[in-house]
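What the coordinates show
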Amino acid sequence: MKVFALLLALMVALPAAAEPTPAEVQKIMQRDFHPRGQATMERLAQDGVQRVCTETRDRPPAEVTKALEADQMKTITYPQGSLMGDWKRGETIAQSGRGLTWNDKAGEAGGGSCYNCHELSPQEFSHGTIGPSLRGFGKTRGAGADLQRYVYGKIYNAKAYNLCSQMPRLGLSGTLTPEQIKDLVALLLDPASPVNQ
Amino acid sequence: MRLIALGAALAVGCAAACAAQAQDSAKEIQRYRQMIAEGSPAELFELEGEALWKKAQGPKNVSLEKCDLGRGAGVLKGAYARLPRYFKDADRVMDLETRLLYCMTTLQGRSREEATKRVFGTADQPSEMESLSAYIAAQSRGTKLDPGISHPKEKESYELGRALYFHRAGAWDFSCASCHGEEGKRIRMQDLPVLYKPASARPIIATWPAYRVSTSQFVTLQWRMNDCYRQMRTPEPNFGSETTVALIHFLTATAKGETYKGPGSKR
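Conventions and cut-offs
Residues numbered from 1 in each chain as written. Chains lettered and ligands numbered in written order. Predicted model: local features only at pLDDT ≥ 70, side-chain atom pairs only at ≥ 80, totals over all residues. Heavy atoms only, no water. Helix = DSSP H or I, 4+ residues; strand = E, 2+ residues; numbered from the N terminus. Areas by Shrake-Rupley, 256 points an atom, 1.4 Å probe, with all protein chains shown as cover. Lys, Arg positive; Asp, Glu negative; His and termini not counted. Charge placed at Lys NZ, Arg CZ, Asp CG, Glu CD. Disulfide = S-S within 2.5 Å. Buried < 20%, exposed > 50% of the residue type's maximum accessible area, 1.4 Å probe, protein only. Salt bridge = Lys/Arg side-chain N within 4 Å of Asp/Glu carboxyl O. Contact = heavy atoms within 4.5 Å. Buried area = accessible area lost by both parts, 1.4 Å probe. Core = buried A, V, L, I, M, F, W, Y, C linked by side-chain atoms within 4.5 Å. Phe/Tyr/Trp six-rings, centres within 6.5 Å; stacked < 30°, edge-to-face > 60°. Lys NZ or Arg CZ within 6 Å of the ring centre and 35° of its normal. Pairing = 2+ DSSP bridges. Axes fitted to C-alpha atoms, helices over the stretch in contact; angles between N-to-C directions.

The next point concerns the overall build of chain A. Scanning chain A from N- to C-terminus turns up 9 helices and 1 strand. Counting only C-alpha atoms and orienting by the principal axes, one finds that chain A spans roughly 55 × 40 × 35 Å. Carbon and sulfur atoms form 59% of the exposed surface of chain A, whose accessible area is close to 9,800 Å². Each charge sign in chain A was given a centre, from 22 positive and 20 negative side chains, and these centres are 1 Å apart.

What follows is the structure, given as structure tokens:
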């Protein structure tokens, strides 16, 4: 409730700019887009995280950030048993940029697009730089139970740790299955993974 | 596409009479290959676009030659560089493709449905819109980009474009700024220009539309908006909608003053 009041105050405090509000933009988009394949119109409805990050240009006040990150943390469910899968499968998933677009087949296995944004294995030169380099991630950060939980959670819902992260919520959005996320945990943390060579 | 028309004529199964045509076709293919080798395939689309501009079509069987792109009926010189802008007759802001569509429906009497059936082409078969865009944009080479930004509807469109640029939506929570928001970033090996800043937007916008080497396609800004929204995992934007025009308007206004150098070529 406090968070809501704060948000309201924030909105009222903005100067009467000619720029349309996120709610108005959403309405215009709902008029101007059409569903195609698995990409349905519901995807245009902003959730709280998208709305707040749009509203504040990715710089929400600390109190709002804390409250909403805690909400996002609650969305993460961990599978039973070990979180370490197979790094070899993880590498394939990290390479693939497929999933959830209007020309991907619904139900077909998606990828993580990790290389689109991150450096991981040193063998792969074609990597993006939107996110930090993850080369040597397990070697420098460790591979214990806490780290496994962190990496699993970060991939499942990146916004739980950094509210306005540019990294998608790959588990929550239904892009990756728990099995796939476990394989990615191994890619980052397994001492045998090329990421840690 | 002349090449394809020729190919089709051949396929129809003519015998001796077609020998000459076959020779023409071979020459055409040769010319095409040479242009690509010389790195100027855009020229081929410009030629095709010119033919389409002058071709009588639609229920009214007239060409587009009387289409007013903002500088008066049929005036092409410098017209592209002044778009998007507000058009009184349509009472809305239009980019080149939206305006062409308007002329196809009003002048030629074609239905919107028919005219937009295939707005984005393939390597083998470019679309009418793409070829027309190549031809018309080429007539602005050397002209400074000067989109309309004074009419209230132009201001509204610019503001909407700016808001859209930072608006997060879709299954992966992206806004345009997620990828085009910070200097020096890449997706894989592809550089991501920060398009809300004039220094980055100017050289980029001044070369659209363009021949895309990686897919051997001629592509327009309407296509680029469409494909970036695809990557954003949203539903598909309507061709020529206020949304896509507003984004193109915002980007072009940010690049205002740059000398138009297109149609260029892209990765």
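Another aspect to go through is the state of the cysteines. Inspection of every chain in the model, using the stated rule, returns 2 disulfides over all chains. Between the sulfur atoms of Cys53(A) and its disulfide mate Cys164(A) the distance is 2.0 Å. Since a negative S-S torsion denotes a left-handed disulfide, the Cys53(A)-Cys164(A) link at about -90 degrees is left-handed. With Cys53(A) in helix α3 (residues 48-55) and Cys164(A) in the loop between α8 (145-156) and α9 (178-189), this pair connects stretches of sequence that are 111 residues apart. Disulfide pairing places Cys67(B) opposite Cys103(B) at an S-S distance of 2.0 Å. One quick way to see it: the torsion about the S-S bond of Cys67(B) and Cys103(B) is about 75 degrees, and its sign makes the bridge right-handed. Placement of the pair is Cys67(B) in the loop between α3 (42-54) and β1 (85-87) and Cys103(B) in helix α4 (residues 96-106), with a sequence separation of 36 residues. For Cys67(B), a relative accessible area of 0% corresponds to the buried category.

What follows covers unusual backbone geometry. Residue and element names in this part refer to chain B. Pro-84 follows Leu-83 through a cis peptide bond whose omega is -10 degrees. Structurally, Pro-84 is set in the loop between α3 and β1. Residues Gly-262 and Pro-263 are joined by a peptide bond in cis, for which omega reads -15 degrees. Its place among the elements puts Pro-263 in the loop between α11 (242-254) and β8 (264-266). The backbone phi angle of Asp-173 is positive, close to 65 degrees, even though this residue is not glycine.

The next thing to look at is the pattern of salt bridges. As enumerated under the stated definition, the model contains 28 salt bridges over all chains in all. Here Asp47(A) makes a salt bridge to Arg169(A), at a shortest N to O gap of 3.0 Å. Of this pair, Asp47(A) sits in the loop between β1 (33-34) and α3 while Arg169(A) sits in the loop between α8 and α9, placing them 122 residues apart in sequence. Several salt bridges share partner residues, and in doing so they unite Asp47(A), Lys159(A), Arg169(A) and Asp173(B) into one network.

On the side of chain A, 53 residues touch chain B, which itself brings 35 residues to the contact. Between chain B and chain A, a total of about 4,000 Å² is buried, with carbon and sulfur atoms accounting for 54% of that surface. The largest per-residue losses of area from chain B upon contact with chain A belong to Arg168(B), Trp172(B) and Arg188(B), which jointly make up 22% of the total buried on that side. Our enumeration of links across chain B and chain A arrives at 7 salt bridges.

Across soluble globular proteins, you tend to see nonpolar side chains buried next to one another. Within the largest apolar cluster, 86 residues are counted, with the highest numbers of intra-cluster contacts made by Trp53(B), Leu69(B), Ile136(B) and Tyr165(B). Here this core takes 6 residues from α9(A), the largest share from any one element. With 7 residues, the next largest nonpolar core counts Val52(A), Leu68(A), Leu163(A) and Cys164(A) among its residues.

Let us now look at the packing of aromatic side chains. Here the structure, examined in full by the defined rule, presents 14 aromatic pairs over all chains. Centre to centre, the rings of Tyr165(B) and Phe166(B) are 5.2 Å apart; their planes meet at 65 degrees, and the pair counts as edge-to-face. We classify Phe166(B) as buried; its relative accessible area is 11%. An aromatic cluster of at least three residues, connected via ring pairs, comprises Tyr158(B), Tyr165(B), Phe166(B), Tyr196(B) and Phe250(B). Above the face of the Phe166(B) ring, Arg57(A) is positioned so that its terminal group lies 3.8 Å from the ring centre. A cation over a ring is seen here: Arg233(B) above Trp172(B), with NZ or CZ 3.6 Å from the ring centre.

Once that is clear, we can look at the sheet that holds strand β6 (residues 217-219) of chain B. Residues and elements named next belong to chain B. A sheet is described by the order of its strands in space; here 3 strands give the open sequence β6-β5-β8, paired in mixed fashion. On the outer flanks of this sheet lie β6 and β8, each paired with one strand and no other. Strand-to-strand twist in this sheet, taken as the mean axis angle between neighbours without regard to direction, amounts to 35 degrees. Pairing of strand β5 (residues 210-212) with β8 involves 3 bridges; the strand directions are parallel. The residue of β8 that forms the bridge with Tyr-211 is Ser-265.

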